[in-house]
Amino acid sequence: MDLLRNRRKQAVSTEPSVEPSLDVTSLPSLSGSASPPEPWEEVDISSSDYARRRRELMEMMVDLRSMGADALIALPSVVVIGGQSAGKSSLVEAVSGINVPRDSGTCTRCPMECNMSSHATSWSCAITLRIGFDSNGLDLQKPTNVRFGPKITGRSEFEVWLRRAQAAILNPNIPSSTFHAKTIEELRNIKNTLKFSRNVVCISIEDPDATDLSFYDLPGLIQNEEAEIVALVKCLAEYYIEKKNTIILTTIPMSDDMENQQSMSLARAADPTGWRTIGVLTKPDTLGTGAINQRRKWVEIIEGHSEEHTLRHGFYCKDVIDRRRFGIPGFVSDISRLLIQLIEEALPRLREDVDALLAKCAKDIDELPPPLENDPQIEVLGRVNAFCDDFKSFADGSHQDKRLAQRNRALYAIYKRDIRGTAPDFRPFNEPEDYVPLDDTEENMTLAERDPGVKVMGIYDIRKVIEEAIGWELPNNVPYQAKSNLIAQFTKLWVAPSERCLVGVNNVLDQVIDTLISTHFGRFKVLEEYFGHLIRIQVDICKAHALDAVKTALELETTTPHYTQNTHYLQTLREKWLAYYKTVQSRPFMYRAPIRHIGEAKGPMASRPGLPSLFEVHPVPDVESLRALAEAGYAGLRVSDLARLLPPDSFEEELVVMADVRAYYHIAYKRIIDHIPFAIEHALHHALAKQLSQSLLTSLLTDAASGPSFSEHLKELVSEDASIAQKRLMLSTRKERLLNIRRRLMTFSNGI
């Protein structure tokens, strides 16, 4: 029967009140060390509800740890830390009643979880290896618990089995059963694979004389080792004590000053307020009788009178048994009670944490692509057909995503502007640079952007072109070659805008194709790579055909003959431009380029909105002339027709050439701005949409025929990406662990 002695009747805490929380800081302090112990009463509670609940709580914590719950949620725990030779092993032995290895080279080199239960009629012990990390210290998806050896019934056998278990932990590549028969001498001579490990040796002790308690004993903090090993042991301690509902037991040898204790430094860093740290003073016998000042300092610390070293739950001294805070019985009883209170307060939050983790886990699983349910053949062919249908709707503009059509229309509009900017810049004057551009017979517009390859040509420039083209023509015959040379000057400028337009359309197509490949095949990386390669081959073929189509269309315009059957429109334009050039030439003063400030508009019609056109600058004579002609029987004439009444010009041939070339430019311009977009759309998008399905299926059948099996080939194509499969397995394993943890928590709750 376990007697919980000296239970405090109703201690009134002297600490300031704090809001309830789920960590150890919210618990009432143990008997305050700042004041004398209050009266305690002996109560036999071994068979009471408290004892039963305490036992069940401890068992539940053991079960949760074996499930790996401590890697997911912060379980309440007690952790013992301290430097090597700080008396930590002696404390563990005194608390647990077992002997731990002490000789050189066999100190604690992995965490030891000690679970003590008084629900037994005789002493026994079981050892389990909890493997939660691989040999590189990385987390495993699911920890494994390996029973190590038989149930131990003799205390004298325990030490050698503990040595064997630790050796098994430090040599993860060797089967643990290999160490079952090792002698102490053999264990001492083993060259371990690891110097330290994060995997845990779990000790389950059943002892009718024990107090129900669970704690971790960590490897002692070291100084005289390789820097990497020193850091590893320190990080291990920090990992365990950083959790807010962990009680930190730090062993402090009285042979050294408190300020020199590394374990206290780590405890202060993890618990700056000292609300969950308990100091255990060891080795009081090292204080000589003459060390009066040192004795006084330690007494002040134990009694809570030291301002520099104050802990909420105070300090204990291990090796004296005549006072409450001296000796093991009171210490173990207090720690057990504190841990039980901590667990009870943490339970609601643990359930909430598990539920939150389960919800997050379910959400992460839902965000993954669902595992393949269809037959691989149906899956592959369905995705190919869906891709082809989607692209066809992109090409014909029926898809809800209008990106392809709208961006290409914008590119074709830019192309139209660029071709318009190649219009011949004829100015029928001796010094053409001194006059404004003539871009429209109605003078309603001036080109905003002109191709830099367009040359300004005046009346003598045209005459020179004619003279250079004269062969054996009869007099008064303008060589056709002269007009052909002038036409070639603007049609050769169409190559660069056409190629730019095609490059822009190709870039849009690439973006659409990449999006569709990712959408339809991205779930399966192998499938995406396979069909992505085949699709891009077809895209490149169609791009080459589109380039050929553009070159063919350009060749029709840039080589002879220069031809049109739209003769009526050509004649109408010729007459307009000839009349316009004659009128402009007869009124040069109206077309001189004004001296402008930088940034002002060019051209007579661009000076200010609302001004009348050039033919309306002197409206009175023109109106009178038209009225006189109407009275003479020539009704319906316009101001532009008056140019026909002008006398023959000495530059008549040059003006006619200007008008003919300019008229043909407009015919060809309207042809090319439609022909190039049509050539691109049909040779690129529509041809690709038409041939995609057949080419992809043909390639698929050809590749499958060259392999061992068509079905195996398709199965390989829809094999899930390794990273997704690994993530699904990890989440499924995590979900299973969380469900087990939740079930265990709920089982305890329902049993209350």
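In the block above lies the structure referred to throughout.
Described below are features of the structure shown in this document. (Residues numbered from 1 in each chain as written. Predicted model: local features only at pLDDT ≥ 70, side-chain atom pairs only at ≥ 80, totals over all residues. Heavy atoms only, no water.)

On to the environment of V354, then. The topology assignment puts V354 in helix α8 (residues 328–367). The spacing of V354 and L739 is 385 residues in sequence and 8.3 Å in space, taken between C-alpha atoms. Contact partners of V354, with chain neighbours within four places excluded, come to I73, L738, I741, R742 and L745. (Helix = DSSP H or I, 4+ residues; strand = E, 2+ residues; numbered from the N terminus. Contact = heavy atoms within 4.5 Å.)

Taken together, the side chains of D257, E259, E307 and E308 make up a negatively charged region of the molecular surface. Position of E259 among the secondary structure elements: in the loop between β9 (246–253) and α6 (262–270). The class of E259 is partly exposed, set by a relative accessible area of 44%. (Patch = residues over 30% accessible without salt bridge, like charges linked within 9 Å, V, L, I, M, F, W, Y side chains within 5 Å. Areas by Shrake-Rupley, 256 points an atom, 1.4 Å probe, with all protein chains shown as cover. Salt bridge = Lys/Arg side-chain N within 4 Å of Asp/Glu carboxyl O. Lys, Arg positive; Asp, Glu negative; His and termini not counted. Charge placed at Lys NZ, Arg CZ, Asp CG, Glu CD. Buried < 20%, exposed > 50% of the residue type's maximum accessible area, 1.4 Å probe, protein only.)

This structure, assessed with the given rule, holds 30 salt bridges. Salt-bridge contacts for D660 lead to K483; the nearest nitrogen and oxygen are separated by 2.5 Å. Placement of the pair is D660 in helix α17 (residues 652–705) and K483 in helix α12 (residues 480–491), with a sequence separation of 177 residues. Connected through shared salt-bridge partners, R417, D418, E449 and R500 make up one network.

Residues in a regular strand point their side chains to alternate faces of the sheet. The element strand β4 (residues 112–117) is extensively covered by neighbouring structure, given that six of its six residues are classed as buried. Here β4 shows a buried face lined by M112, C114 and M116 and a second buried face lined by E113, N115 and S117. By the bridge criterion, six bridges tie β4 to strand β7 (residues 200–206) in an arrangement that is parallel. Considered in β7, the bridge of N115 is made with S204. Relative to strand β8 (residues 213–217), β4 is paired through five bridges, and the arrangement is antiparallel. Counterpart to M112 in the pairing with β8 is D217. (Pairing = 2+ DSSP bridges.)

Right, let's talk about the nonpolar core for a bit. Nonpolar side chains tend toward joint burial in soluble globular proteins. Ranked by internal contacts, the top residues of the largest apolar core, which has 83 residues, are V380, F387, I513, F531, I535, Y591 and I680. Non-local contacts of V380, meaning those with residues more than four positions away in its chain, are made with L527, F531, L700, L714, L717 and V718. (Core = buried A, V, L, I, M, F, W, Y, C linked by side-chain atoms within 4.5 Å.)

What follows covers the environment of I278. Note on placement: I278 falls in strand β10 (residues 277–282). With relative accessibility at 0%, the residue I278 sits in the buried group. For the pair I278 and T251, spaced 27 residues apart in sequence, the C-alpha separation works out to 8.8 Å.

The subject of this paragraph is the packing of aromatic side chains. Tallied over the full model, the rule gives 15 aromatic pairs. Between F521 and F531 the ring centres are 5.1 Å apart and the planes differ by 15 degrees, which places this aromatic pair in the stacked class. Separated by 10 residues along the polypeptide, F521 in helix α13 (residues 495–521) and F531 in helix α14 (residues 525–558) bring together distant segments of the chain. Neither F521 nor F531 differs from the other in exposure class; each is buried. A network of ring pairs unites the aromatic residues F387, F521, Y530 and F531 as a single cluster. The ring of W161 is capped by R164, whose NZ or CZ atom sits 4.5 Å from the centre of that ring. Positioned above the aromatic ring of W275, the side-chain terminus of R312 is 5.0 Å from the ring centre. (Phe/Tyr/Trp six-rings, centres within 6.5 Å; stacked < 30°, edge-to-face > 60°. Lys NZ or Arg CZ within 6 Å of the ring centre and 35° of its normal.)

Contact pair helix α9 (residues 376–396) / helix α18 (residues 710–717): the axes reach a minimum separation of 8 Å and the direction vectors enclose 65 degrees. Crossing handedness for the pair α9 and α18: left-handed. Residue-level inspection shows P376, Q377 and V380 of α9 in contact with α18, the latter providing F710, L714, K715 and L717. Across the contact of α9 with α18, the residue classes break down as five nonpolar, one polar and one charged. (Axes fitted to C-alpha atoms, helices over the stretch in contact; angles between N-to-C directions. Left-handed = near helix turned anticlockwise from the far one by under 90°. Nonpolar A, V, L, I, M, F, W, Y, C, P; charged D, E, K, R; others polar.)

Here we come to helix α11 (residues 459–469). Turning to α11, its buried residues are I459, I462, V465, I466 and A469. Taken around the axis of α11, the buried residues stretch over an arc of 125 degrees, which confines them to a single face. What points out from α11, more than 90 degrees from its buried face, is the exposed set K464, E467 and E468. Where α11 is buried, its residues touch β12 (425–426), β13 (456–457), α12, α15 (567–586) and α17. (Arc of directions from axis to C-beta.)

Scope: geometric values only; no functional claims are made or implied.
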